[in-house]
Amino acid sequence: MTHTERQPARTALPVDLDEAAHRCLVAGFEGTTTVPDTLKRLIDRGLGGVILFTRNVRDAEQVRRLTDTLRALRPDLLVAIDNEGGGIGHLVAAGAPEVPGSYALGVVDDPDLTARCADALAGHLATLGITASYAPVADIQRQAGNPIVRTRAFGTEPELVSRHLSAWIAATEARGIASCAKHFPGHGGTLTDSHHDVAVDPRPYEELDLGPFRAATAAGVPMMMSAHVVFPALDPDRPATLSRRILGDLLRHEVGFDGVLVSDALEMKAIADLYGEAAGARIALAAGADQVIVAVADLGVTLECRDALLEALRDRVLAEERILEASARVERLAEQYATPVSKVAVWDAGAGLEAARRALRGQVAPGAVSGAHVVDLFPAPHPALNWGGEDLLTAVLAVDPTATGTAVAGEPDDPAALVEVVLAKAGSAPLVVATCDAGLYPWQVRMRDELVARRPGAVRVATGLAEDGAVCSYGRGRVNLRAVAEVLSAAR
């Protein structure tokens, strides 16, 4: 037993209360085939769930063996993953169905197609023995400068977002997978990524985006995830994850949600830097959360959070009734979703590409850019979201082997010099210049504008939110890029 696993030499809690506290934790871990001993001990004491990431995935068969191993340790353990689709997915190596992100689905605005895409993702999870999905995103993309929601949202209008949420939740439920509407009460009105700092939504109560969360509740969503966002109109002092006013009064009483409320990951800097993960766990549960996620692979952080909960219970800083209430909700969730279904019906493997094709906006003359030089400018992958860095050039080469190009992931050391390199490589070939949310990244704007000025006939592509004068895909998932490639090469 390591030092961090030793318990303080104090009176032990009753077994049922100790187990209840453990049920309130969801832990990340390192490994693809074996379960760390520390995690085994946590599971033995009642750990409520684990969250898988790309680090836990090699292939489909391996993931199923891992989930079977975890569940053999404790049958009521919830095995969860972030599974939004689009460019955010941890299961690419396990053969995940390729579907566009939520914004493209909202652009198409066909809830039946959204349901088919959600069904494909949920069906795949069922084959892997993963029975909880931290999706869909219920946020509304409100701020042009929002750095984190963007194409993860279904759109900018509450009614549109609500109907696609409902379709997604129903399709996921039909597969026996627990869905999770996130991030309550909304992350789309901020200008800060809460992975990196405290985010604030300054709008008055009347303007907050509660409609989709009400719709998700009406649709029977079994889980919601809180936002590490401060809403001064609701609680000027604490982010939603730590606010009794927001989690208790607003979500439970006004919205009427009675499922499992899970926190976003506690190691995100909006919590970790101001409160610390351990204090964050204690405050979140006291405020009304039922589970807190400690997603980092270092189980020592999970142990610190667990010990903080046990200490608070011993000192009666954290009410036993609150933990027993939270644990009971987790137990109900596990009763319904912890056990994988025995048979998984086939899903529509073509739904994602159909959606990506239908979402495309903007025109290119047939064959106008065959054999093009493709310049794909995009931000470096977000480490927490684990987008894989897929590029448009690769997608174009799959349908047009005569193409050439350059993929630029993140700001280059010398953008001006790179422009000269690109133009020299392109020669007389048609030029395609793709950007991704260029308004957030001045280097993309500078390179795009210089390339287009030097080559006025260049075709522009936007792989994030829409940009004027560009072919718009509304996402960088593989099927989004494939759909763009088809249009550029006139391959369809």
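Here, every reference points to the structure presented above.
A few words on the pattern of salt bridges. Tallying each qualifying case throughout the model produces 40 salt bridges. In this structure, Asp119 and Arg175 form a salt bridge, with 2.6 Å as the shortest nitrogen-oxygen distance. Linking Asp119 in helix H5 (residues 111-128) with Arg175 in the loop between helix H6 (158-174) and strand E5 (180-184), this pair joins segments that are 56 residues apart in sequence. Pair check on accessibility: Asp119 and Arg175 agree, each one buried. Between Asp376 and Arg476 there is a salt bridge, and its shortest N-O distance comes to 2.8 Å. Of this pair, Asp376 sits in strand E12 (residues 373-378) while Arg476 sits in the loop between strand E16 (471-472) and helix H17 (478-489), and the two are 100 residues apart along the sequence. Among the residues examined, Arg476 registers a relative accessible area of 7% and is labelled buried. Salt bridges linked by common partners bring Arg252, Asp258, Asp290, Arg322, Glu325 and Arg329 together as one network.

What follows concerns the nonpolar core. Across soluble globular proteins, nonpolar side chains show a tendency to be buried alongside one another. One finds Leu39, Leu47, Leu70, Ile130, Phe184, Met224 and Ile323 to be the most contacted residues of the largest nonpolar core, which totals 100 residues. In this structure Phe184 touches Leu210, Phe213, Met224, Met225, Ser226, Ala227, Ala240, Ile246, Leu250, Leu251 and Val255, once residues within four positions along its chain are discounted.

Let us look at the environment of Ala219. Considering the arrangement of structural elements, one finds Ala219 in the loop between helix H7 (211-218) and strand E7 (223-226). Judged by relative accessible area, which is 31%, Ala219 ranks as partly exposed. Taking the C-alpha atoms as reference points, Ala219 and Val35, separated by 184 residues in sequence, lie 36 Å from one another. With near-sequence residues (within four places) excluded, Ala219 lies in contact with Ser166 and Ile169.

So, about unusual backbone geometry. Of note, the amide linkage connecting Lys182 to His183 takes the cis form, showing an omega dihedral of 10°. In this fold, His183 is placed in strand E5. Residue Pro185 is bonded to the preceding Phe184 through a cis peptide linkage, with omega at -5°. Mapped onto the elements of the fold, Pro185 is located in the loop between E5 and strand E6 (199-200). Not every positive phi belongs to a glycine, and Asp109 is a case in point at roughly 55°. Its place among the elements puts Asp109 in the loop between helix H4 (102-108) and H5. Unlike most non-glycine residues, Arg316 shows phi in positive territory, near 60°. Assignment of secondary structure puts Arg316 in the loop between helix H11 (299-314) and helix H12 (320-337).

Moving on, we come to the environment of Ala384. Looking at where Ala384 falls in the secondary structure, it is placed in the loop between E12 and helix H14 (392-399). Separated by 116 residues in sequence, Ala384 and Met268 place their C-alpha atoms 9.1 Å apart. Once residues lying within four places of it in the same chain are set aside, the contact partners of Ala384 are Phe53, His90 and His195.

The next point concerns the sheet that holds E6. With mixed pairing, 3 strands are arranged side by side in an open sheet as E6-E8-E9. Both edges of this open sheet fall to E6 and strand E9 (235-239), since each of them pairs with a single strand only. With 2 bridges joining them, E6 and strand E8 (residues 229-231) adopt parallel strand pairing. From the neighbouring strand, Ala199 faces E8, where its bridge partner is Val229.

Inspection of the secondary structure assignment puts Arg322 in helix H12. A distance of 2.7 Å separates the side chain of Arg322 from the backbone oxygen of Leu285, its partner in a polar contact. Once residues lying within four places of it in the same chain are set aside, the contact partners of Arg322 are Leu285, Ala286, Gly288, Ala289, Asp290 and Arg329.

So, on to the sheet that holds strand E10 (residues 260-262). Spatially, E5-E7-E10 is the arrangement adopted by the 3 strands of the open sheet, whose pairing is parallel. Only two strands of the sheet have a single neighbouring strand rather than two, namely E5 and E10. Sheet twist, expressed as the mean angle between neighbouring strand axes with direction ignored, is 25°. Contacts between H7 and the sheet are confined to E5 and E7, with E5 contributing the most and set at about 155° to the helix. This element, helix H8 (residues 244-255), spans E5, E7 and E10 of the sheet and lies at about 130° to E5.

Scanning all chains against the criterion turns up 3 aromatic pairs. With centroids separated by 5.7 Å and ring planes inclined at 15°, the aromatic side chains of Tyr103 and Tyr474 adopt a geometry described as stacked. With Tyr103 in helix H4 and Tyr474 in the loop between E16 and H17, the pair connects residues that are 371 residues apart, well separated along the chain. Across the pair, exposure class does not vary: Tyr103 and Tyr474 are buried alike. Between Phe154 and Trp168, the aromatic rings sit 6.1 Å apart at their centres with planes inclined by 70°, giving edge-to-face as the arrangement. Taken together, the positions of Phe154 in the loop between strand E4 (132-133) and H6 and Trp168 in helix H6 put the pair 14 residues apart, joining distant regions of the chain. The same class applies to Phe154 as to Trp168, namely buried. In this structure, Arg476 is placed above the aromatic ring of Phe378, and the distance from its NZ or CZ to the ring centre is 4.2 Å.

The next point concerns the packing of helix H3 (residues 60-73) against H5. Viewed as axis vectors pointing N to C, H3 and H5 meet at an angle of 65°, and their least axial separation amounts to 8 Å. Contacts between H3 and H5 involve Ala60, Val63, Arg64 and Thr67 from the former and Ala126, Thr127 and Leu128 from the latter. Within the contact of H3 with H5, the residues separate by chemical class into 4 nonpolar, 2 polar and 1 charged.

Cut-off values and rules
Residues numbered from 1 in each chain as written. Predicted model: local features only at pLDDT ≥ 70, side-chain atom pairs only at ≥ 80, totals over all residues. Heavy atoms only, no water. Salt bridge = Lys/Arg side-chain N within 4 Å of Asp/Glu carboxyl O. Helix = DSSP H or I, 4+ residues; strand = E, 2+ residues; numbered from the N terminus. Buried < 20%, exposed > 50% of the residue type's maximum accessible area, 1.4 Å probe, protein only. Core = buried A, V, L, I, M, F, W, Y, C linked by side-chain atoms within 4.5 Å. Contact = heavy atoms within 4.5 Å. Pairing = 2+ DSSP bridges. Polar contact = N/O pair within 3.5 Å; in protein donor to acceptor, adjacent residues only side chain to side chain. Axes fitted to C-alpha atoms, helices over the stretch in contact; angles between N-to-C directions. Phe/Tyr/Trp six-rings, centres within 6.5 Å; stacked < 30°, edge-to-face > 60°. Lys NZ or Arg CZ within 6 Å of the ring centre and 35° of its normal. Nonpolar A, V, L, I, M, F, W, Y, C, P; charged D, E, K, R; others polar.

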